[in-house]
Amino acid sequence: MTGGSARPYRKLPGHRRGFIKGSSVWLGADHLLLVKSTRFREEYKRFLLRDIQAIVVASMPRFAISTRAFSLGVLWLIVYFAARNRAPWAPAVLWTTALCLVGAWIYFCAASSCTCRIITAVSRDDLPSLYRIWTVRRFLAQVEPRIAQVQGVVEGNWAEEVEARHLGPPLANVAAPEGASAATPAPALNRKRTIATDIFVASLFAHALYTFLTLHSISNAAQWLGYGLAVVQLGLAIVIFFQYRRHILRSGMQTLAIVALLAAGGGYYASQIIYGIATATSPGSQIVADPKVLATQPAYILLRQAEAAVAVALGIAGVVLSVMPNRQAERPRSIVG
Amino acid sequence: MPLPKWELAAGGVAVCTLCGASNRVHIFPAALLPDSGPVKTEAALAGEATCFDHPSKRAVAACNQCGRFVCQLCSVEFANEVWCPSCVAAGAGKARPAKAETYRTLYDSMALIIPLAAILMYPFMIVAAPASLVLTVMKWKQPLSLVRRNRWRFLAAILVSLAELGLCGAIVYILVHTSFRGAK
């Protein structure tokens, strides 16, 4: 039962795989383990079999794009780009397939989906991994006999008895957010700026200035300066992630750092594509894009102008985030705690 | 909460009176147990062991962590043991059993995703690959997920990081070689 034994948990049907969040339910010796994962962290909640009062399955539409559905979409795209010019009938077949897949997804989401909730005397929790009717059936087929082993089975007309009593925790507990209590003090307000964010925002403006000054010609030294600037930005972004994780910073700066890194990566890839196009016909091309060659390409100049504009926009966003008043501090506290 | 508002019908099917959704309710005997009510503690008689926090109450058990006597009110059934409220609040340090864990950080996933994400922005491989290797070495012995029991992500992280380091070395060599040749 404890984490020290060899195989303490058995996987139960249903697995919610999102891009960031996931969820699954596992069966232990005397309890169900609800696992909610957020990529780098798993949160656990246990429901002792002897404490489970009810499992409620509510039919309702669930339009979730799972990673499986996303993978199917990506597979379709790959097949489409690979096969569209192979045969005259290929596009029609592929588009029909796509329509069928989308239709099936909409049907399953609308007509065969549900939410599943587990109720004990002190908790009422959704099981996010169970969102298709057939999965819930398989889940219950495994769980109900185990609960029956521990609790026995309900005999007689339970509907009247249930009507007369209150299932689950009191309403006041439900209104409170998960894991919080009325006595929990309000969390300390995170800061909107630190030295790292100030340098990061300054580096965005420096990046824009650097890009603007080296728009038409670039020396080796300037090139290495650009690499150095990118490494500094990456390092500061990591610091910002850590500061956000430690609740020192608010989320805005982390989002800004992510967008800046994505923009840098996207710009780099676009420059490689432009370089590839520029040197496709010339012999003896290098593996790594030569900025001197790139600087002669109109598309590359346009890309760098866009990069500079994005860097300025992100820098301005960073300044706004740094000086923006903290709305959380101004907001009156909820009268319900 | 919503159960009393439903029209419970035969076969465990209930219809929500608010939205009309069809709900299937699986009731278990725990739902029909009588309410236990408030915990009653007994006053200690002369010569009897008493609760550490309530000297007038009779002790019913000793805390499995610190050994303090606890009364009925103070005894907390926790991970098949009886703990006192202080030990529950403190997590009882290193004696904390795995069952009490409410979260774990997945260092193996972290170690794998760092070099994989760096492939998208491959100049950053030179930072990401060593970072992943260091993280793998530092966290190799850390407990993994409660439900995943192998370390293949760590191994994959090592392989991907080493491959990236090799690639970075090759790129740096080509860059330096090209620069020197250009300077000549």
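Each chain carries its own residue numbering, running from 1 in the written order of its sequence. Each chain takes a letter, starting from A, and each ligand takes a number, starting from 1, following the order in which they are written. Whole-chain, interface and lining totals are the exception, using all residues; otherwise, since this is a predicted model, local features are given only for residues with pLDDT of at least 70 and side-chain atom pairs are given and counted only at 80 or more. Hydrogens and waters are ignored; side-chain quantities use all the structure's heavy atoms.

(A) Spatial organisation of the overall build of chain B. Summing up its helical and strand segments, chain B has four helices and eight strands in all. Numbering goes from the N terminus for both helices and strands, where a helix is a DSSP run of H or I of at least four residues and a strand is a run of E of at least two. Each helix and strand of chain B, placed in order from N terminus to C terminus, yields the pattern β-β-β-β-β-β-β-α-β-α-α-α. With a 1.4 Å probe rolled over the protein chains alone, any residue whose accessible area is under 20% of its type maximum counts as buried; one over 50% counts as exposed, and the rest are partly exposed. Across the 184 residues of chain B, 34% fall into the buried class. For this analysis, residues touch if any pair of their heavy atoms sits within 4.5 Å. Partitioning the contacts of chain B with sequence separation of at least 6, the portion at a separation of at least 24 is 31%. Per-residue and other accessible areas follow the Shrake-Rupley method at a 1.4 Å probe size, with only the shown protein chains counted as cover for residues. Surface exposure of chain B reaches about 10700 Å², of which carbon and sulfur atoms provide 64%.

(B) The confidence of the model for chain A, seen in detail. Residue and element names in this part refer to chain A. Per-residue confidence for chain A gives a mean pLDDT of 80; residues scoring 70 or more make up 81%. For chain A, the element scoring lowest by mean pLDDT is helix α11 (residues 327-330), at 45; helix α3 (residues 133-151) scores highest, at 93. Confidence of the predictor at the level of single residues is given by pLDDT, which spans 0 to 100. The low-confidence segment residues 1-5 (pLDDT under 50) makes 13 contacts with residues lying over four places distant or belonging to another chain.

(C) A look at a nonpolar patch on the surface. On the surface, a nonpolar cluster with roughly 670 Å² of combined accessible area is contributed by Val 231, Ile 238 and Phe 242 of chain A together with Ile 126, Val 127, Val 172, Val 176 and Phe 180 of chain B. Going through the elements one at a time, α7 (220-245) of chain A together with α3 (125-139) and α4 (152-183) of chain B are the ones with two or more residues in the nonpolar patch. Here Val 176 of chain B shows up in helix α4. Look at Val 176 of chain B and you get partly exposed, because its relative accessible area is 37%. Excluding any residue in a salt bridge, patches collect residues exceeding 30% relative accessible area, merging like charges within 9 Å and nonpolar Val, Leu, Ile, Met, Phe, Trp and Tyr side chains within 5 Å. We define a salt bridge as a side-chain nitrogen of Lys or Arg found within 4 Å of a carboxyl oxygen belonging to Asp or Glu.

(D) Summary view of helix α6 (residues 195-213) of chain A. Residue and element names in this part refer to chain A. Given the number of residues in a helix, its expected span is that number minus one, multiplied by 1.5 Å. In this model, α6 (19 residues) spans 26 Å end to end at C-alpha, consistent with the 27 Å of a helix rising 1.5 Å per residue. Restricting attention to buried positions, one finds in α6 the residues Ala 196, Thr 197, Phe 200, Val 201, Ser 203, Leu 204, Ala 208, Tyr 210 and Thr 211. Next to the buried residues of α6 lie α7, α8 (251-278) and α10 (298-323).

(E) Layout of the nonpolar core. All names here are of chain A. Among the nonpolar cores identified, the biggest contains 21 residues, and Leu 32, Ile 52, Ile 55, Leu 127 and Phe 139 are the most heavily contacted of them. Among the elements that take part in this core, α3 stands out by supplying five residues, more than any other. Those residues within four positions of Leu 127 in sequence are excluded, and the remaining contacts are Val 25, Leu 34, Cys 116, Ile 118 and Phe 139. By convention a nonpolar core is built from buried Ala, Val, Leu, Ile, Met, Phe, Trp, Tyr and Cys residues, the set being connected through side-chain atoms within 4.5 Å. Core analysis: the second largest hydrophobic core is formed by 17 residues, Phe 200, Val 201, Leu 236 and Leu 249 among them.

(F) Focus on the packing of α6 of chain A against α8 of chain A. Residues and elements named next belong to chain A. Between α6 and α8, whose axes approach to 12 Å, the crossing angle comes to 35°. Viewed along their axes, α6 and α8 form a crossing whose handedness is left-handed. Only Met 253, Leu 256, Ala 257 and Ala 260 of α8 make contact with α6, whose side of the interface consists of Thr 197, Phe 200, Val 201 and Leu 204. Looking at the contact of α6 with α8, its residues break down into seven nonpolar, one polar and no charged. In this analysis an axis means a line fitted to C-alpha atoms, helices contributing only their contacting stretch, and an angle means the value between N-to-C directions, from 0 to 180 degrees. Note on convention: the crossing is left-handed when the near helix lies turned anticlockwise from the far helix by less than a right angle, right-handed when the turn is clockwise. Under this grouping Gly is polar, as are all residues other than the nonpolar Ala, Val, Leu, Ile, Met, Phe, Trp, Tyr, Cys and Pro and the charged Asp, Glu, Lys and Arg.

(G) Local environment of unusual backbone geometry. All names here are of chain A. Backbone geometry at Arg 39 places phi at a positive 65°, although glycine is not the residue there. Looking at the element boundaries, Arg 39 is found in the loop between β3 (31-38) and β4 (41-48). The phi dihedral of His 247 falls on the positive side, at around 65°, and the residue is not glycine. Here His 247 shows up in the loop between α7 and α8.

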